[in-house]
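So you can see what is in the structure, the chains are spelled out below.
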Amino acid sequence: LANFAIDIVAASAIILLEKIFENARYIWMWILTHTFHARRKIRLSISYLFKIKVDGKYLLVKGNRIPNQFQPVGGVFKRYRESFYALERLKVTDDNNVPIDDTSIDDLRVKMPALNVISFLRWYKSQLGREVSPYREFYEELIRTEILTQKVFPYLNYIHLKRHETGIRYSPHFKCYEILIAEIFEIRPTEEQTAALRELQEKSSDQYVWVSDDAIERKGATPGGLSTYSISETSEWIL
């Protein structure tokens, strides 16, 4: 019996060590999703944002959901039909906190049992069955709106700067626990594109603003505490 007990303990220890090694990067998240949050559903929103900086100023565009708020160019990644069975196995459902319409359908703004979060993140990082390029939102927010022209921006050079992750946090707005992830890209404009962006700085519009890093950190408030518009929390992620 003693030997049997030792074998059981040893086998359990090996399984635990394998899990720790397998989830080393997300060990704390693994612990939380398998203990404190084990019976909960977690909301995940995975997006991409563009850092567009010219002469010390950042380009932000007006958002659609919060009146008079400006944010970086970008949006939520899409999932494709090839991901259906993989996400179905993980019990992934649409996030009902945001209305599903023609714009938001198939967004990677979803909910799932906490126990499946790590597996979902592995699927996301595999890039299988999901949108990979960030160009779609650049086109929709700057080219289709005619803020910039496709003639000058027939293609876009960009690099991946970093990934911003919030970890598990409580959202008072949605009244649930959530994880926000954003891939941050920086455009590398040609000389002609840089000239067009500089020209854009000389124009005034209610659809976009050029702001300093200080304005972003203040969320749009002036040193005196006044502001005519607000700047999203996500804007600080591109700094």
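Please refer to the structure higher up on the page.
Not measured: the values here are computed from a predicted model.

Q: Requested: an account of helix α2 (residues 27–34), with residues and values cited.
A: An α-helix turns once per 3.6 residues; consequently, residues spaced three or four apart project the same way. Listing the buried residues of α2 in full gives Met29, Leu32 and Thr33. Angularly, the buried residues of α2 cover 95 degrees about the axis, an arc narrow enough to put them on a single face. The elements touched by buried residues of α2 are α4 (117–126) and β10 (176–187).

Q: Give me the pattern of salt bridges: which residues, what numbers.
A: According to the stated counting rule, one finds 15 salt bridges in the structure shown. Close ionic contact of Asp107 with Arg109 constitutes a salt bridge, the shortest N to O distance being 3.1 Å. Take Arg109: its relative accessible area is 16%, and that puts it in the buried class. For Arg169, the salt bridge goes to Glu178, with nearest N and O atoms at 3.1 Å.

Q: Quick rundown of the nonpolar core? Include the residues and the values.
A: Considering soluble globular proteins, one finds that nonpolar side chains tend to be buried as a cluster. By size, the foremost hydrophobic cluster in this structure holds 46 residues, and its most contacted members are Leu44, Ile52, Phe120, Phe138, Leu142, Leu148 and Phe153. The dominant element in this core, judged by the number of residues it contributes, is α4, at six residues. By size, the runner-up hydrophobic cluster in this structure holds 14 residues, among which are Tyr58, Leu60, Ile216 and Ile238.

Q: Could you give an account of the packing of aromatic side chains, naming the residues involved and the relevant values?
A: Within a pair of aromatic rings, the relevant descriptors are the distance that separates the centres and the angle that separates the planes. Applying the stated criterion across every chain, the model contains 14 aromatic pairs. Look at Tyr135 and Tyr139: their rings are 6.4 Å apart centre to centre, the planes differ by 45 degrees, and that puts the pair in the tilted class. In this pair, Tyr135 and Tyr139 are both assigned in helix α5 (residues 135–143), four residues apart and thus about one turn of the helix distant. Taking the relative accessible area as the measure of exposure, Tyr135 reaches 23% and is therefore partly exposed.

Q: Requested: an account of the layout of surface pockets, with residues and values cited.
A: With a probe scaled to a water molecule rolled over the atoms, the places where space remains empty come into view. For the largest pocket, the calculated volume is near 1,400 Å³. At the level of secondary structure, the elements contributing two or more residues to the lining of the largest pocket comprise β1 (41–51), β3 (57–62), β4 (69–72), β5 (74–76), α5, β9 (169–171) and β10.

Q: Break down empty space enclosed by the protein for me, with residues and values.
A: Following the criterion strictly, the structure yields one cavity of 30 Å³ or more and no others. Lining the largest cavity we find Arg79, Asp94, Asp95, Val98, Pro99, Ile100, Ser104, Ile105, Asp106, Asp107 and Arg109. By residue class, the composition of the lining of the largest cavity is four nonpolar, one polar and six charged.

Calculation rules
- Residues numbered from 1 in each chain as written.
- Predicted model: local features only at pLDDT ≥ 70, side-chain atom pairs only at ≥ 80, totals over all residues.
- Heavy atoms only, no water.
- Buried < 20%, exposed > 50% of the residue type's maximum accessible area, 1.4 Å probe, protein only.
- Helix = DSSP H or I, 4+ residues; strand = E, 2+ residues; numbered from the N terminus.
- Arc of directions from axis to C-beta.
- Contact = heavy atoms within 4.5 Å.
- Salt bridge = Lys/Arg side-chain N within 4 Å of Asp/Glu carboxyl O.
- Core = buried A, V, L, I, M, F, W, Y, C linked by side-chain atoms within 4.5 Å.
- Phe/Tyr/Trp six-rings, centres within 6.5 Å; stacked < 30°, edge-to-face > 60°.
- 1 Å grid on protein atoms, 1.4 Å probe; cavity = no way out; pocket = protein on both sides within 12 Å on 5 of 7 lines; lining within 4 Å.
- Points joined across faces, edges and corners; volume = space filled by probe spheres on them.
- Nonpolar A, V, L, I, M, F, W, Y, C, P; charged D, E, K, R; others polar.

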